[in-house]
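Given next are the chains, with one letter for each unit.
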Amino acid sequence: MSAPDSSPLFGNVALIGIGLIGSSMAHAMRRANLAGHIAGYARRPETRAVAEKIGFADSLHGDLAECVKNADLVVLATPVGSFAEIASELGPHLKRGAIITDVGSVKMAVVRDVGPFVPEGVHFIPGHPIAGTEQSGPDSGFAELFDGRWCILTPPPGTDVDAVAKLKTYWEKLGSNVEVMEPKHHDLVLAIVSHLPHLIAYNIVGTAADLETVTQSEVIKFSASGFRDFTRIAASDPTMWRDIFLNNRDAVLEMLGRFNEDLAALQRAIRWGDGDALFNLFTRTRAIRRSIVEAGQDTAAPNFGRSGKEKN
Ligand code: NAP
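Note that residues are indexed from 1 along each chain, following the sequence as it is written. Reporting of local features is limited, given that this is a predicted model, to residues whose pLDDT is at least 70; pairs of side-chain atoms are given and counted only at 80 or more, and all residues count toward the totals for whole chains, interfaces and linings. The side-chain figures draw on all heavy atoms in the structure; neither hydrogens nor water molecules are used.

(A) Structural context of the domain arrangement of the chain. Where each domain starts and ends comes from a domain assignment, either automatic or drawn from a database. Taken as a whole, the chain is organised into domain 1 (10–181) and domain 2 (185–310). Domain 1 and domain 2 are separated by 30 Å when their C-alpha centres are compared. The partner domain 2 presents 17 residues to the 21 residues of domain 1 that form the contact. Here the buried area means the combined drop in accessible surface, using a 1.4 Å probe, for two parts upon being joined, counting both sides. Counting the surface lost from both domain 1 and domain 2, the interface buries some 1400 Å², and carbon and sulfur atoms represent 59% of this. We define a salt bridge as a side-chain nitrogen of Lys or Arg found within 4 Å of a carboxyl oxygen belonging to Asp or Glu. Summed over the shared surface of domain 1 and domain 2, the result is 1 salt bridge. Glutamate 134 is the partner of arginine 232 in a salt bridge, and the nearest nitrogen-oxygen pair spans 3.2 Å. Polar contact is the term for a pair of N or O atoms within 3.5 Å; when the atoms are in protein, one must be able to donate a hydrogen and the other to accept it, and sequence-neighboring residues count only if both atoms are side-chain atoms. Run the count over domain 1 and domain 2 and you get 9 residue pairs in polar contact (both at pLDDT 80 or more). Helix numbers and strand numbers start at the N terminus; a helix is a DSSP run of H or I with at least 4 residues, a strand a run of E with at least 2. No other element matches the 4 residues that helix H5 (residues 108–114) contributes to the side of domain 1 that touches domain 2. Each residue is assigned to one class: nonpolar for Ala, Val, Leu, Ile, Met, Phe, Trp, Tyr, Cys and Pro, charged for Asp, Glu, Lys and Arg, and polar for all the others, Gly among them. Of the residues in the side of domain 1 that touches domain 2, the class split is 9 nonpolar, 7 polar and 5 charged. Contacts are residue-level and defined by heavy atoms, with any inter-residue pair within 4.5 Å sufficient.

(B) Representation of unusual backbone geometry in the model. Residues other than glycine seldom take positive phi values, yet asparagine 33 does so here, at roughly 50 degrees. Locating asparagine 33 in the fold gives a position in the loop between helix H1 (20–32) and strand S2 (35–41). By relative accessible area, asparagine 33 is classed as partly exposed at 39%. Accessible area is worked out with a 1.4 Å probe on protein chains only. A residue is then buried under 20% of its type maximum, exposed over 50%, and partly exposed in between.

(C) Representation of the site of the ligand. Near the ligand there are 26 residues, and of these Leu20, Thr47, Thr78, Ser105 and Gly137 occur at the shortest range. Measuring from an oxygen atom of the ligand, one finds a backbone N or O atom of arginine 44 at 3.0 Å. Glycine 137 places a polar main-chain atom, nitrogen or oxygen, 2.8 Å from an oxygen atom of the ligand. Note on areas: Shrake-Rupley, 1.4 Å probe, and residue coverage restricted to the protein chains presented here. For the ligand, whose unbound accessible area comes to 890 Å², protein coverage reaches 88%. Partitioning the shell around the ligand into residue classes produces 12 nonpolar, 12 polar and 2 charged. What makes a residue near a molecule or strand is one non-hydrogen atom of that residue sitting within 4 Å of it.

(D) Structural detail: the pairing of strand S5 (residues 99–102). Burial along S5 is two-sided: the residues Ile99 and Thr101 and Ile100 and Asp102 are all buried. Paired strands, as defined in this entry, are two strands with at least two bridges between them according to DSSP. Here strand S4 (residues 73–76) pairs with S5 via 4 bridges, running parallel. In the sheet register, valine 74 faces S5, and the bridge partner there is isoleucine 100. Tracing the backbone out of S4, into helix H4 (residues 83–90) and back to the parallel element S5 gives a crossover that is right-handed. Of the strand pairs in this sheet, S5 and strand S6 (residues 123–124) are connected by 2 bridges, and their pairing is parallel. The partner of isoleucine 100 across the bridge, within S6, is phenylalanine 124. Crossover handedness is defined here as right-handed if the route from the first strand over the helix to the second strand goes clockwise, with the strands pointing away from the viewer.

Below you can see the structure in the form of structure tokens.
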């Protein structure tokens, strides 16, 4: 009987961006032996120094061409607004037969910005892991980030099926479930489940910060009554989220239109004392929360599993 094949899935992997997502990928690749060599790129020497100290990459580069030179898999993991410039610079250095993918939170704009710079013979398969935290930087990553989470791949029509299958296997070995989708549909789905909630959080925290009748110290002191959970989302990286809203404008504006209509209906229900309308909506939303917990996408522990001493 022959021994099971223990060679890594990819010989050389280049991570362009080694923040939360890039470094988590490196840790998860190491855990599953997915790469013979992990090369990491960051613009700033400070970022590379932190990565070097942690040791999740085999080589670190401040030069894109150098980083991708021998790569079988290239992963763009910088803010979405930087993709066009990065792709134009590294495109000519990609190896024939390599796969280039990304982890960006929008997909139509990635197809638009990266697609034109992908040379003949290189497989371009955009992707998006639905996993993250509000932390950023190379010291925020951890191997378990993608475990049990979804990753969406949006291969353009005609993409090599073997390359898609290989990238799907890669994500599964990183711990994720994989779904394939059209980029336009991805952007619409993410507009409601991620982008709009972030916009609402940024807005409500901004409103509270600007109030004149309630002091900032009161907002902070009594935050555990609900506000605190918005502040976690509103602490997300400003560059990343600026780029998401600038690059998923149409889908976000469409969902925002729907949201404003529903908010106006709630406003009306409160004004007219329509308790049934409020009660019915709150009952439906409670059921959605239950479905999310049942699907294993959050904990059922009270107060998101925070210590029992804290009051809601
Ligand atoms: P991060 O922790 O802030 O790391 C960003 C990385 O990109 C760093 O290595 C940074 O290092 C580099 N970088 C920043 N600006 C750059 C620029 N203009 N040009 C080149 N390099 C740049 O970010 P992240 O959370 O890992 O997010 C990376 C990507 O993953 C984004 O596209 C985001 O949409 C996507 N994503 C994030 C999450 C999340 O929850 N955080 C979830 C899913 C997908 P230097 O500044 O030294 O270059």
